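Read off the chains here:
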Amino acid sequence: MMNNGLLFACIGLFCISCQATEQKPAYPYTLVDAQATQETKALFANLKKISATHVLYGHEDDLAYGVKWENEQGRSDVKEASGSYPAVYGWDLGDLAQIDKADNLDGVDFDNMKQWIKEGYQRGGVITLSWHMNHLGTEGDTWDTTRVAHRLLPDGDLHNEFNAMLDRFASFVSDLKADSDQQELIPVIFRPYHEHTGWWFWWGSESTTVEEYVSLWRYTVEYLRDVKQVHNLLYAYSPNSLSEFDSYDDYWEKYPGDAYVDILGFDDYFTLQGRYGHEDGVAALGEHLSWLASQARDRNKIAAITETGLEGMTDPTWFTQKLLKAIQYSEDSKQIAYVLTWRNAQEWTKEGHFYAPYQGHSSASDFRSFREDGFVLFEDELPDMYTLTGF
Ligand code: BMA
């Protein structure tokens, strides 16, 4: 017979073990893709967590080329100017489905891109993809604004061609695997049909109705997720600058819905330069970021500056005195998860078209202060972004 003391001890132990299982909270986010891989779910949860205290810095095409070099293993203008690779790597799939073309619209070879994505991921970085998709109706490029979205949707005459484009995308992202034993798929923040509130792309303001844009987005998600079974994507929505809106309501005009978007972003190049007539660009961008981050919080999503930068880095203290001040404008704006600056084009392809300092440039010392600010994370300061802890 068991004595009472022992009996209570056993019951106690049993209860503790019950509580341990019961107390483990369920994954608290509803992602676009309920079947997202563990690493993808972890990326979202970790970005959400880190956004409470830090912002991640990112750069487009960082490993492919810089102002004075291209295709040199290990190089990065950001690393050479700051001491670390960026925490976020942006890449673009423009020209992906163009038959027989091995490189993207800015000359980045797609196979090399996969390799660089893999390298960045294995060092702990975060990957985001945009897609300056070509025009299927005219064989023009992404900037051909001839109306075409309705022709891509089911019942449209270009529907099969559109599916074939998405097939190419699906095979690209399904080929992104880490070199580890598990060969896990690399999570990607996919940012389709960006800057749609501007007029300049075929999916832009003048070329699509609300219904067409929303259908295009939803069809893309459903085709990739449900038909192609692609489960390593988070989806980011990124209209152009909020300074161009009459009111913040415009942000939602062509919004595909919370069930189709994981990350709320916007692209903004000119608010900090005062182009929209704000007296203080820092305050104006700070207000926009505060609004965006509070919307993301209310919807249990993440907020990000999906593209920004100052072309040619003509203001040597732009990173600390403009960008960082805007992100730190309020308790809300501080919750932006990441900021991505645009590419550093080679000076022989597009002179003066660069958005991050390179070694020796007059803005490099301010960029180092930006990197050393405890609030800003570069790659070498990242925690493990791909392990799900606590859920
Ligand atoms: C633009 C410029 C272009 C480039 C395009 C797509 O902002 O950088 O030179 O082709 O993005 O990356």
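An account of the accompanying structure is given in this report. In this text the structure is predicted, and so the values were computed from the model without any measurement.

What counts, and at which threshold
- Residues numbered from 1 in each chain as written.
- Predicted model: local features only at pLDDT ≥ 70, side-chain atom pairs only at ≥ 80, totals over all residues.
- Heavy atoms only, no water.
- Helix = DSSP H or I, 4+ residues; strand = E, 2+ residues; numbered from the N terminus.
- Rg over C-alpha atoms; globule rule 2.2 N^0.38 Å.
- Buried < 20%, exposed > 50% of the residue type's maximum accessible area, 1.4 Å probe, protein only.
- Contact = heavy atoms within 4.5 Å.
- Areas by Shrake-Rupley, 256 points an atom, 1.4 Å probe, with all protein chains shown as cover.
- Lys, Arg positive; Asp, Glu negative; His and termini not counted.
- Charge placed at Lys NZ, Arg CZ, Asp CG, Glu CD.
- Core = buried A, V, L, I, M, F, W, Y, C linked by side-chain atoms within 4.5 Å.
- Near = heavy atom within 4 Å.
- Polar contact = N/O pair within 3.5 Å; in protein donor to acceptor, adjacent residues only side chain to side chain.
- Nonpolar A, V, L, I, M, F, W, Y, C, P; charged D, E, K, R; others polar.
- Pairing = 2+ DSSP bridges.
- Right-handed = clockwise from strand over helix to strand, strands pointing away.
- Expected span 1.5 Å × (residues − 1).
- Axes fitted to C-alpha atoms, helices over the stretch in contact; angles between N-to-C directions.
- Parallel < 35°, antiparallel > 145°, perpendicular 65-115°, else oblique.
- Left-handed = near helix turned anticlockwise from the far one by under 90°.
- Salt bridge = Lys/Arg side-chain N within 4 Å of Asp/Glu carboxyl O.

## Some words on the overall build of the protein chain
A tally of regular secondary structure across the protein chain gives ten helices and eleven strands. Radius of gyration (C-alpha) of the protein chain: 22 Å, near the 21 Å computed for a compact globule of 391 residues. Each principal axis of the C-alpha distribution contributes one length, and for the protein chain these read about 85 × 55 × 45 Å. Buried residues in the protein chain amount to 58% of all 391 residues. In the protein chain, of all internal contacts separated by at least 6 residues, the share reaching a separation of at least 24 is 74%. Total accessible area on the protein chain is roughly 16300 Å²; 48% of this is exposed by carbon and sulfur atoms. Taken as two groups, the 31 positive and 62 negative side-chain charges of the protein chain have centres that lie 3 Å from each other.

## So, the nonpolar core
With 124 residues, the main nonpolar core has Leu56, Tyr57, Trp91, Leu129, Phe169 and Phe172 as its most contacted residues. Those residues in contact with Phe172 that sit more than four places away from it in its chain are Leu93, Leu96, Phe110, Met113, Lys114, Ile117 and Leu129.

## Looking at unusual backbone geometry
Within the chain, Asp95 stands out as a residue other than glycine whose phi angle is a positive 80°. For Asp95, the position within the fold is in the loop between strand S4 (88–92) and helix H4 (110–122). Take Asp95: its relative accessible area is 10%, and that puts it in the buried class. A positive phi angle, near 60°, is found at Asn300, a position not held by glycine. One can find Asn300 in the loop between helix H8 (281–298) and strand S9 (302–308). On the basis of relative accessible area, Asn300 is assigned to the partly exposed category, the value being 33%.

## Considerations on the site of the ligand
Around the ligand sit Leu105, Asp106, His132, Trp143, Trp342, Arg343, Lys350 and His353, and those are all the residues in its vicinity. One of the side-chain N or O atoms of Asp106 is found 2.6 Å from an oxygen atom in the ligand. With respect to the ligand, the side chain of Arg343 contributes an N or O atom lying 2.7 Å from an oxygen atom. Summarising the interface, the protein chains cover 81% of the accessible area of the ligand, which totals 300 Å² for the free molecule. Looking at side-chain class alone, the shell around the ligand contains three nonpolar, two polar and three charged residues.

## Focus: the pairing of strand S8 (residues 263–268)
Of all six residues that make up S8, six are buried, and the element is covered over most of its length. The two faces of S8 match: Ile263, Gly265 and Asp267 on one face and Leu264, Phe266 and Asp268 on the other face are all buried. As paired strands, strand S7 (residues 233–237) and S8 are joined by two bridges and run parallel to one another. Paired with Ala236 across the bridge in S8 is Ile263. Relative to S9, S8 runs parallel, the two sharing six bridges. Pairing of Leu264 across the sheet is with Ala303, part of S9. Between S8 and its parallel partner S9, the chain crosses via H8, and the hand of that crossover is right-handed.

## Quick notes on the pairing of strand S5 (residues 126–130)
Look at any regular strand and the pattern is simple: side chains alternate between the two faces of the sheet. For S5, the buried fraction is high: five of the five residues fall into the buried class. Alternating positions in S5 separate into two faces, Val126, Thr128 and Ser130 on one and Ile127 and Leu129 on the other, with burial throughout. Pairing between S5 and strand S6 (residues 188–191): three bridges, direction parallel. When the bridges of S6 are listed, Ser130 appears paired with Arg191.

## Overview of helix H7 (residues 210–227)
Here H7 contains 18 residues, and its C-alpha end-to-end distance of 24 Å stays within 8% of the 26 Å for a straight helix at 1.5 Å per residue. The elements touched by buried residues of H7 are helix H5 (149–152), helix H6 (159–174), S6 and S7. Just downstream of H7, Gln229 is the residue with a positive phi angle, here 55°.

## Brief notes about the packing of H6 against H7
At their nearest, the axes of H6 and H7 sit 10 Å apart, and the two run at 55° to each other. Between H6 and H7, the interaxial angle falls into the category oblique. Where H6 crosses over H7, the handedness of that crossing is right-handed. In this structure, H6 contributes His159, Phe162, Asn163, Leu166, Asp167, Phe169 and Ala170 to the contact, and H7 contributes Leu216, Tyr219, Thr220, Tyr223 and Leu224. Its residues assigned to classes, the contact of H6 with H7 shows eight nonpolar, three polar and one charged.

## So, the pattern of salt bridges
In the structure shown here, the tally under the stated rule is 21 salt bridges. Here Arg225 ties to Asp226 by a salt bridge, and the two come within 2.7 Å at their closest N and O atoms. Take Asp226: its relative accessible area is 41%, and that puts it in the partly exposed class. Across the pair Arg371 and Asp380 runs a salt bridge, and its minimum N-O distance is 2.6 Å. For Arg371, a relative accessible area of 11% gives the class buried. Here the residues in one salt-bridge network are Glu72, Arg75 and Glu80, joined through shared partners.

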